There are 2 protein chains.
Amino acid sequence: MDGKWLGAAQGCDTPPNRQGSGDLTKEGGPVVNPIDPTSAGFLYAENRHMPMHVGGLQLFKKPEGAGRNFVRELYESSLDVDEIAPLFLKHPYRSIRTGGQLVWKPDDQFDIEHHVRHSALPKPGRVRELLELCSRLHSTRLAWERPLWEAHIIEGMRDGRVAMYTKTHHALVDGISAMRLLQSVLSTDGDKRGMPPMWAADASGSGKKSVRAESADRSLTEVPVQAIRSAMGITAEAAGMPGALVKTITKGLRNETSAVSYYAPRTMFNQQITGSRRFAAQDWPIERLRAIGKATGTTLNDVVLAMCSGAIRTYLLELDALPDSTLVAMVPVGLNAKQSHLASSEGGNAVGAVMARLGSDLHDPADRLKSVHESMRDGKEGLSSMTPAQIMAMSAIGQAPAILAPILRMQGIVRPPYNLIISNVPGPRNTHYWNGAQLLGTYPLSIPINGMALNITCTSYDGLMCFGLTGCRRTVPHLQRLLTYLDDEVKALEKASGI
Amino acid sequence: MDGKWLGAAQGCDTPPNRQGSGDLTKEGGPVVNPIDPTSAGFLYAENRHMPMHVGGLQLFKKPEGAGRNFVRELYESSLDVDEIAPLFLKHPYRSIRTGGQLVWKPDDQFDIEHHVRHSALPKPGRVRELLELCSRLHSTRLAWERPLWEAHIIEGMRDGRVAMYTKTHHALVDGISAMRLLQSVLSTDGDKRGMPPMWAADASGSGKKSVRAESADRSLTEVPVQAIRSAMGITAEAAGMPGALVKTITKGLRNETSAVSYYAPRTMFNQQITGSRRFAAQDWPIERLRAIGKATGTTLNDVVLAMCSGAIRTYLLELDALPDSTLVAMVPVGLNAKQSHLASSEGGNAVGAVMARLGSDLHDPADRLKSVHESMRDGKEGLSSMTPAQIMAMSAIGQAPAILAPILRMQGIVRPPYNLIISNVPGPRNTHYWNGAQLLGTYPLSIPINGMALNITCTSYDGLMCFGLTGCRRTVPHLQRLLTYLDDEVKALEKASGI
């Protein structure tokens with residue numbers, strides 16, 4: 001993989017602003033665009049054990065008076081799109097004519113029925129069957145000869161809800177941008193109809209045409225991509241691995257700031273993974289979690305991390321696999337800590353990563369929450385004292401571990417600096433609709449990688465904290481048990497804080 | 001691919017009868033078995049565009065008095081298996097300890113829920129939705145880190161039928177053996193219950209434990225595998241490509257027997273393919289086809305081929321892609337032509353391949369049938385005059401084109417000797433049941449490969465001729481139209497023969 005990534009990075013001596021210079025046919029052919037090295041990195045890093053796509057599960061409530069064929073009609077209207085947005089029409093392509101380089105090329109045989117699919121759950125149509133289907137769908141790779149996305153409209157939930165699972169390659173968008181993209185086509189108006197799907201060129205998606213490139217709508221997680229890109233000097237004419245950056249990353253990882261001075265124990269999560277996935281999702285009222293925070297003087301984010309800590313502790317204890325020392329989670333945070341919600345929703349590049357001691361070695365839920373809280377507080381302080389370049393580098397590690405792993409290895413850093421990534425990304429606070437169907441919850445599916453078999457991503461929506469847990473099916477058995485343990489932990493934290 | 005295949009063939013200097021000599025763990029570890037070079041060839045030949053698995057679709061009628069949860073109970077009983085048959089428990093494995101060679105190793109973390117799955121069709125649950133689901137399921141690759149099979153029990157057909165799609169890697173069984181395996185666990189007794197699924201160690205499958213190795217139940221299509229194996233001399237200690245065999249194959253392909261003297265035109269089917277599949281299936285009463293044969297003095301097999309010819313002609317005409325000269329189909333036949341049904345069901349290695357001129361350039365259905373008939377008659381005669389080694393070589397080409405393609409290329413044979421493979425394999429004549437559920441039809445899914453984007457395989461069952469058409473989704477657009485054209489052709493042939 002190292003070689004491949006290096007190759008990709010070295011491939012960037014072609015000026016990135018070259019546009020449409022690839023003649024693919026004798027008659028001039030379609031316009032092709034170079035793939036930026038970061039995206040190319042995600043393509044090269046992909047293999048059968050490590051598909052590099054992110055996913056989103058959205059649950060909708062049918063509008064009042066929806067007919068029997070509501071889902072089929074929704075599906076069919078999703079196919080009936082005049083023009084596909086460029087992001088959803090391009091696919092990676094490489095040939096002698098492109099000088100062996102990967103380029104983006106519009107799919108001239110675009111086949112929307114390949115990308116947008118109608119699925120159903122077997123009876124009894126519980127959430128269990130839905131998660132099982134999403135797990136399967138998340139386990140298969142996207143074909144490079146087609147645009148790198150799929151959307152599955154799912155019927156058959158016994159409570160009448162409708163689900164949509166979407167899958168997008170990380171070379172197109174990162175996980176959070178993907179969630180944003182999904183939300184961008186929704187409306188707060190429940191009476192609005194005729195709303196196009198996100199892949200339509202006329203959808204009102206904010207950054208759709210170039211989620212990554214436009215700086216007008218730089219979202220929370222767009223920054224790390226820019227960070228890698230600029231930090232690596234790959235917007236310039238760098239022809240190799242820029243030594244200065246690697247030094248920064250290494251320094252950042254090894255230095256003495258409290259943000260990075262922890263060492264993570266080896267756990268069952270930090271192993272080689274296989275290609276199949278298990279996904280679990282559930283939500284809890286933010287009010288309940290906030291009440292715990294209020295009673296204990298901790299933040300909402302601290303409570304989320306403490307929930308994860310307690311759940312993981314129970315899970316590992318049951319498998320007789322709990323390390324003596326605490327697990328460490330990498331937690332992306334907004335730098336303007338107190339206005340992190342505002343900062344992220346408004347855009348802005350103040351993003352860093354804190355290494356949070358989860359206190360998974362502690363028996364008492366209150367002690368775990370305390371440990372998380374102190375660790376996060378110290379971490380953020382440490383982060384503030386880092387240089388912007390260090391912060392960028394830290395962020396980059398969280399966003400692109402698959403790509404940075406080889407760099408770390410080259411630097412002799414073989415132990416993971418953390419055991420898993422836990423992200424908590426604020427989302428919209430009010431109710432959203434798609435053609436009258438109310439969005440009830442939205443759950444992210446992420447990318448497990450070698451050495452990091454479990455990922456927890458949370459997003460808030462309409463008063464709910466929505467958890468998405470994505471793991472390697474083999475390395476993280478019985479992943480769905482974590483949902484029960486998360487729920488147990490909420491109750492335990494409530495009890496411990498006297499609620 | 002050439003290099004890989006050669007590598008695989010060269011890897012066979014390890015005696016094939018070495019058993020369990022690989023120590024995979026310090027404590028002795030599980031017993032491993034070498035993978036025979038033929039199977040290894042199918043593994044190495046596989047890539048993202050060319051998954052090397054065969055499939056089967058079976059349709060069942062629920063037994064009288066089946067409850068609401070019949071399908072779920074069927075699914076759950078399929079999971080409840082004491083012991084898994086060795087064929088369904090082994091997976092390919094390679095490490096330094098195995099000397100870099102691929103070996104079969106039992107999956108010590110076998111996870112039956114990964115392999116046996118419960119699926120459902122979206123409304124309205126027509127055959128169209130079923131074929132769409134099978135197309136998707138047939139498009140994804142099997143992971144090498146697990147045993148190379150999947151079974152999907154499918155509910156949601158509006159007429160109450162139940163479907164089962166199974167997928168098995170060609171390294172385990174060839175397509176027809178897979179179909180046989182499926183049938184082997186069925187019973188002619190509709191009252192029998194407690195019948196285990198085919199993956200259970202106690203299932204009554206004839207050749208299940210070693211479909212390929214045991215000679216006791218050598219089925220029609222098992223032979224070609226043996227043919228390749230022995231013809232290539234790879235059961236001996238051959239360390240490279242045996243020149244004698246290649247000469248035989250080449251001679252067979254180039255010689256003057258009428259069996260192989262045709263040249264196939266280039267068609268849209270003879271292109272590079274992508275990884276996604278489209279599957280179509282339908283059946284016709286054998287009585288109808290036999291009546292056409294009787295009226296015209298042709299065989300059932302001739303009528304099947306004429307149906308394909310007419311349907312493909314209409315399909316290509318509509319796409320303005322019909323070549324001026326006739327398409328040529330490779331048709332595997334039993335050598336004891338008149339007793340082919342008996343020969344195949346009784347076992348016996350008298351199998352050859354005839355190159356059939358489909359007469360797709362002819363306007364009149366009767367002319368096409370006549371062309372097919374003469375071509376098959378001449379072909380069989382030519383075949384009889386071939387040496388056994390030549391016949392073996394011919395058979396091998398039909399069964400393993402992906403593997404033999406590089407050999408042909410090495411010999412400077414770049415044009416395909418045929419445009420597609422059409423197999424017609426006799427199956428059981430009487431009604432079969434699985435735990436009281438009547439088998440209504442059974443349809444094979446095959447392996448499109450580069451240069452051979454469409455495959456038609458037919459199997460007879462209980463008075464029906466069941467067609468399974470498998471194509472590359474991109475190279476063979478609107479594959480399902482062929483079903484309509486096949487039906488049109490039956491009517492046209494009936495009319496032409498005065499029925």
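Residues numbered from 1 in each chain as written. Chains lettered and ligands numbered in written order. Predicted model: local features only at pLDDT ≥ 70, side-chain atom pairs only at ≥ 80, totals over all residues. Heavy atoms only, no water.

1. A few points about the relation of the copies chain B and chain A
Under the convention used in this document: Our superposition of the copies is a least-squares fit, built on the C-alpha atoms of residues whose pLDDT is at least 70 in both. In this description, contact between two residues means that some pair of their heavy atoms is separated by no more than 4.5 Å.
When chain B is fitted onto chain A, the two copies agree to an RMSD of 0.0 Å after a turn of 180° and an axial shift of 0.0 Å. In symmetry terms, the pair is related by a two-fold rotation axis. Taking C-alpha positions as the reference, the residue of chain B nearest the rotation axis is Ala 120 of chain B, at 2.7 Å. Comparing contact sets, 100% of the residues at the interface of chain B also lie at the interface in chain A, consistent with an isologous, same-surface contact.

2. Quick notes on the confidence of the model for chain A
Residue and element names in this part refer to chain A. Convention followed: Scored from 0 to 100, pLDDT records how confident the predictor is in each individual residue.
Residues with a pLDDT of 70 or more make up 70% of chain A, whose mean pLDDT is 77. In this model residues 205-261 is a low-confidence stretch, pLDDT under 50, and it forms 129 contacts with partners more than four residues away in sequence or in other chains. Across the interfaces of the predicted complex, the ipTM metric reaches 0.79, alongside a pTM of 0.82.

3. Looking at the pattern of salt bridges
Rules: The term salt bridge refers to a pairing of a side-chain nitrogen on Lys or Arg with a carboxyl oxygen on Asp or Glu at a separation within 4 Å.
Taken as a whole and assessed by the stated rule, the structure comprises 34 salt bridges over all chains. If you follow the salt bridges from partner to partner, you end up with Asp 111 and Arg 146 of chain A together with Glu 132, Arg 278 and Arg 473 of chain B in one network.

4. Examining the sheet that holds strand S3 (residues 90-93) of chain A
Residues and elements named next belong to chain A. Using the following cut-off: For two strands to pair, DSSP has to find at least two bridges joining them. Secondary structure follows DSSP: runs of H or I at least 4 residues long count as helices, runs of E at least 2 residues long count as strands, and numbering of each begins at the N terminus.
Reading across from one edge, S1-S4-S3 is the order of the three strands in this open sheet, with antiparallel pairing throughout. Edge positions in the open sheet fall to strand S1 (33-34) and S3, since each of these has one partner strand only. Across two bridges, the pairing between S1 and strand S4 (residues 103-106) is antiparallel. Paired with Pro 34 across the strands is Val 103, a residue of S4.

5. Overview of a negative patch on the surface
Residues and elements named next belong to chain A. Our working definition: Patches here: salt-bridge-free residues with over 30% relative accessible area, like charges joined within 9 Å, nonpolar side chains (Val, Leu, Ile, Met, Phe, Trp, Tyr) joined within 5 Å. Note on areas: Shrake-Rupley, 1.4 Å probe, and residue coverage restricted to the protein chains presented here. Asp and Glu are treated as the negative residues and Lys and Arg as the positive ones, with His and the ends of the chain left uncounted. The atom standing in for a charge is NZ when the residue is Lys, CZ when it is Arg, CG when it is Asp and CD when it is Glu. With a 1.4 Å probe rolled over the protein chains alone, any residue whose accessible area is under 20% of its type maximum counts as buried; one over 50% counts as exposed, and the rest are partly exposed.
Negative charge collects at one region of the surface, where Asp 80, Asp 82, Glu 83 and Asp 202 lie side by side. Checked against the element boundaries, Asp 80 lands in the loop between helix H3 (70-79) and S3. A relative accessible area of 64% places Asp 80 in the exposed class.

6. Examining the pairing of strand S15 (residues 464-472) of chain B
Residues and elements named next belong to chain B. Summarising burial for S15: nine of the nine residues are buried, a large majority. What you see with S15 is no split at all: Leu 464, Cys 466, Gly 468, Thr 470 and Cys 472 on one side and Met 465, Phe 467, Leu 469 and Gly 471 on the other are buried throughout. Examined bridge by bridge, strand S8 (residues 277-285) and S15 share nine bridges and lie antiparallel to one another. Note that in S15 the partner of Ala 281 across the bridge is Gly 468.

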